[in-house]
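Chain and residue survey
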Amino acid sequence: MGARRPGALVLLVISAAALWVFPRFSFLYTDWLWFSEVGYQGVFLRSLTARASLGAIVFAAAAAFLLANLYVASSALRMREFQIVGPDGPRRVYIDPGRFRPLLYAGAALIALLIGIFASSRWQLGLLYGHAVSFAIPDPVLGHDVGFYIFKLPLLRFIQHLGLFTILLATVLVAAVHFVGGNFGFDAVRGPYVDRNARRHLAILGALLMGLAAFDAWVGIPELVNSTTGIVNGAAYADVHARMPAQRVLIFAAILGAALFLYQFVASRLWPVIAAIGLYGGVFLLGNIYATLIQSFVVAPDEQVRETPFIVHNIAATRSAFARDRVVERELSGEALLTRDDIERNAATLENVPLWNDQPLLDTFGQIQEIRTYYDFVSVDNDRYWIDGKYRQIMLSARELNSASLPSRTWINEHLTFTHGYGLTLGPVNQVTPEGLPVLFIRDLPPVSTVDIEITQPAIYFGELSNNHVFVKTGTQEFDYPKGDDNVFGQYEGRGGVPLGGFARRAMFALRFGSTDTLLSTSLTADSRVMIYRRIADRVRRIAPFLTYDSDPYLAISGGRLVWIQDAYTTSDRYPYSTPVRGGLNYVRNSVKVTIDAYHGTTTFFLLDPQDPLAATFASIFPDLFRPLEEMPEDLRSRLRYPQGIFALQTAMFATYHMTSPAVFYNKEDQWEIPSIEMRNESARMEPYYTIMKLPGESETEYIQMLPYTPRQKDNLAAWIVARSDGENYGELVAFTFPKQTVIFGPRQIAARINQDQLISPQITLWDQQGSEVIQGTLLVIPIEESLIYIRPLYLRAAGGRIPELKRVVVAHQNRIVMEPTLEEALARLFPGDPGDGDIGESPRPRNQADVEANTSRSGADGLATTAQEHYRRALQAQRNGDWALYGEELKRLGEALDRMAGAAESDRAPR
């Protein structure tokens, strides 16, 4: 029995190793197959070899260093004699520590392996160092290229940390071995003692540690360029004039300390070690004290003057790192009073006002277009298309399959039958049915289009939902969509998925999924394909984990196919002097666009900004990853939009960094902030929104993203900023500012006036008390010519219901606020007149109240009489319906119309 125990132990170890290795190998092997299928095996191989090479090098170096030191230390081990007292009295026991050498070496090798595995996770550092592309921008203090801080300094710091950990670990192990061997310790007679061999060995290790301390101080000098000790990010006065010189002195102190440790090799006393530690610690402490004194007695009394050069560095670096230095600034008067002619000239802008907000529209889609419980609309995407000859802003949402909601969650249903979503819902942002529901251009199953947009392949195998892997081209029919009481089935005919192949490959997938069905199912054949990484976020991150991805991929229609567009950023937290945002990032560029075919799964990375040094570096590391933007299909290029993620970061930074004067910046005299308004009974900061409009000074409407600003701790409007998305203007940022001496109502003020209006507020309160909920939508700031109008949709949702209906639109301009069932009616009431009078396209734009009155007089009484009659008719209808709030509102409007008629008549009678 005893002879068989070693064999059983070996078998147990081999079995345990197999249970650990095989699943990991199955993941590695099937990932390799997947990378080959999507066409990025070169990226996978490069990252895998980089990871393996770095891990192997670090493992070899750590193992050699640890084993060499343990070998030297353990060679001094000798038989130890101990006296113990037992029941039979004292007796001597002899222990040979040398017997534990194999265990000691095995432990050191295991530690070295763990160090190597940890180092392999930082495989990008070596590649970035070796392929770094210059920024051609020197830092203003030390003169290093910005690329040094982003590409090279991280690797140097990593080497220092890894070396420090390894040497400290070796020192602890060596000291433990010498202690066990009796080479140093404490004796009751002679006190502390250290054997010569132990002293020499530890002295060498101490010298190495001091050498690393010198390296640490040297690396610490350029790291001060991103110091956070001053009033702005980056090296401040005390950093440049105190901490950097102190670090240089610390380098020499550490080198001298290393020399003292080496002298300890021949010295019999321990004074060199004590002197080395004392010298390094003293210089370190004095350097910190000196920096504190400089800050307190030189900087603090005259901070603005002392820190001005460094504020200038911070402003320039932050604006460059966030591309804020590219913002075009224009000034608007903001004082123009709009007329009906202005409204007509900007009809294209007002026809595309996004009255439907994402969440109400998503709730509505979920109720009227999901059709079956296992379909989900995950998000609503905003885009623009040429529809029936008009440039229209639309909202669309993909109908994806949620396998977690299947009524019967069997393996066959989840992986063979219900494999994909189907179709989408698409409609304009500003049209409403008589019931208050969105107008839909594309709807139902199979998709039905009422416009000139055709969907030729509506199946969605790849999307935003985190679904399981599925098998296609199997013996089981796939569910396409329901049709009456029956279902329509089909078979996948695309290129996506990894061929399942023979038994060995099939077994690997079965091991990966932990599924015996994968191995035994008769529905699967060698021609079957398995689709993994079907969620967009997982798919793109698996291919290029070194990029940062926008949280909102969006769906586009290209040649009748459904294609996802995913924005990707190059980011860093090491741009010198740049102020970081949330997450620590202080550099960002939207340099990459990724397209993912919803049917085939084809994933393509397009390089949007070849001038970005980070993107250029990644392109050098992975030459097969990026394709030129010119290779993207034209109809997809016209779908590109400036992403909200980067725009939100840039606008947050620009609120402060539009100030370029260091004196103004220091005192925060002109700081802006993004306004907050009441949304669903709580205050929420406004978010950027997309719209189509004609920008001031431009001749054509375009698709833009915009956000307003207010002065800090004030509610009036200071500016608004847009990001352009169409054609050659893509990515251009334009800030429109108002004169500081002019007070323009801001979003918070308009929202407050809406809630305090004598007619609007009671109506909202009445609806809220009648078993329904009023949802106030996004307050939209719509620039028209040199002025602004504010538009806010109001949705009504029955208590316990889930379908919000668009019931009213509130429009505000200057001191006037109106609320009507539609935007057209609200604009007609706010800007009355007959659009047919005269040539609207050539009418001069009024600039003052006299011009407005003259324009109103020219419009004639006919239009005003028609308006008065309409309000009178509505008042009578409201009286019959018992809607007394609306009745009062219409009477007020009737009175206003009559007053305007009287004023027009008086103007006509006046002598000229």
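Described below are features of the structure shown in this document.

Criteria and thresholds
Residues numbered from 1 in each chain as written. Predicted model: local features only at pLDDT ≥ 70, side-chain atom pairs only at ≥ 80, totals over all residues. Heavy atoms only, no water. Phe/Tyr/Trp six-rings, centres within 6.5 Å; stacked < 30°, edge-to-face > 60°. Buried < 20%, exposed > 50% of the residue type's maximum accessible area, 1.4 Å probe, protein only. Helix = DSSP H or I, 4+ residues; strand = E, 2+ residues; numbered from the N terminus. Lys NZ or Arg CZ within 6 Å of the ring centre and 35° of its normal. Axes fitted to C-alpha atoms, helices over the stretch in contact; angles between N-to-C directions. Parallel < 35°, antiparallel > 145°, perpendicular 65-115°, else oblique. Left-handed = near helix turned anticlockwise from the far one by under 90°. Contact = heavy atoms within 4.5 Å. Nonpolar A, V, L, I, M, F, W, Y, C, P; charged D, E, K, R; others polar. Core = buried A, V, L, I, M, F, W, Y, C linked by side-chain atoms within 4.5 Å. Salt bridge = Lys/Arg side-chain N within 4 Å of Asp/Glu carboxyl O. Pairing = 2+ DSSP bridges. Polar contact = N/O pair within 3.5 Å; in protein donor to acceptor, adjacent residues only side chain to side chain.

Quick notes on the packing of aromatic side chains
Under the counting rule described, the total for this entry stands at 40 aromatic pairs. Centroid distance Trp34 to Phe35: 5.1 Å. Interplanar angle 80°. Geometry classified as edge-to-face. Phe35 sits in the buried class, given a relative accessible area of 1%. Consider the rings of Phe479 and Phe489, whose centres lie 6.1 Å apart with planes at 75°: the pair is edge-to-face. With Phe479 in strand β15 (residues 478-483) and Phe489 in strand β16 (residues 486-490), the pair connects residues that are 10 residues apart, well separated along the chain. Chaining the aromatic ring pairs together yields one cluster made of Trp32, Trp34, Phe35, Phe44 and Tyr533. We note Lys152 situated over the ring of Tyr129; from NZ or CZ to the ring centre the distance is 5.5 Å. The residue whose ring lies beneath Arg641 is Tyr554, and the NZ or CZ to ring-centre distance is 4.0 Å.

Looking at the packing of helix α9 (residues 303-321) against helix α19 (residues 644-657)
Packed helix pairs are specified by the crossing angle of their axes together with the interaxial distance, meaning the distance between the axes. Running from N to C, α9 and α19 point in directions that differ by 155°, and their axes come no closer than 11 Å. Taken together, the axes of α9 and α19 lie roughly antiparallel to each other. Between α9 and α19 lies a crossing of left-handed hand. Here Asn314, Ile315, Thr318 and Arg319 of α9 lie close against α19, whose contacting residues are Met653, Phe654 and Tyr657. Considering only residue class, the contact of α9 with α19 consists of four nonpolar, two polar and one charged.

Regarding the environment of Trp411
Positionally, Trp411 belongs in helix α13 (residues 411-417). Once the C-alpha coordinates of Trp411 and Val470 are considered, the two residues, 59 residues apart in sequence, prove to be 9.9 Å apart. The contacts of Trp411, once residues within four sequence positions are left out, are Leu416, Phe471, Ser515, Asp517, Thr518, Ser521 and Leu524.

Structural notes on the nonpolar core
Within the largest apolar cluster, 219 residues are counted, with the highest numbers of intra-cluster contacts made by Leu547, Phe605, Leu625 and Ile791. Here this core takes 11 residues from helix α7 (residues 237-263), the largest share from any one element. Aside from chain neighbours lying at most four places away, what touches Ile791 is Leu350, Val353, Leu355, Thr778, Leu779, Leu780, Ile782, Val809, Val810, Val811 and Leu823.

Description of the pattern of salt bridges
Enumeration according to the criterion identifies 28 salt bridges in this entry. Salt-bridge contacts for Arg340 lead to Glu344; the nearest nitrogen and oxygen are separated by 3.3 Å. In this pair, Arg340 and Glu344 are both assigned in helix α10 (residues 340-345), four residues apart and thus about one turn of the helix distant. Between Lys807 and Glu805 there is a salt bridge whose closest N-O contact spans 3.2 Å. On the accessibility criterion, Glu805 (25% relative accessible area) is partly exposed. Through salt bridges with shared partners, one network takes in Arg330, Glu698, Glu702, Arg724 and Glu732.

A closer look at the pairing of β16
In terms of strand pairing, β15 meets β16 through five bridges, oriented antiparallel. Residue pairing in the sheet places Lys483 in a bridge with Asp486 of β16. If you look at the hairpin formed by β15 and β16, you'll find two residues sitting between the two strands, and Gly484 has a positive phi there, around 65°.

Brief notes about the side chain of His415
Structurally, His415 can be placed in helix α13. Among the polar contacts made by the side chain of His415, one reaches the main-chain carbonyl oxygen of His469 at a distance of 2.7 Å. The residues contacting His415, other than those within four sequence positions of it, are Asn468, His469, Val470 and Phe471.

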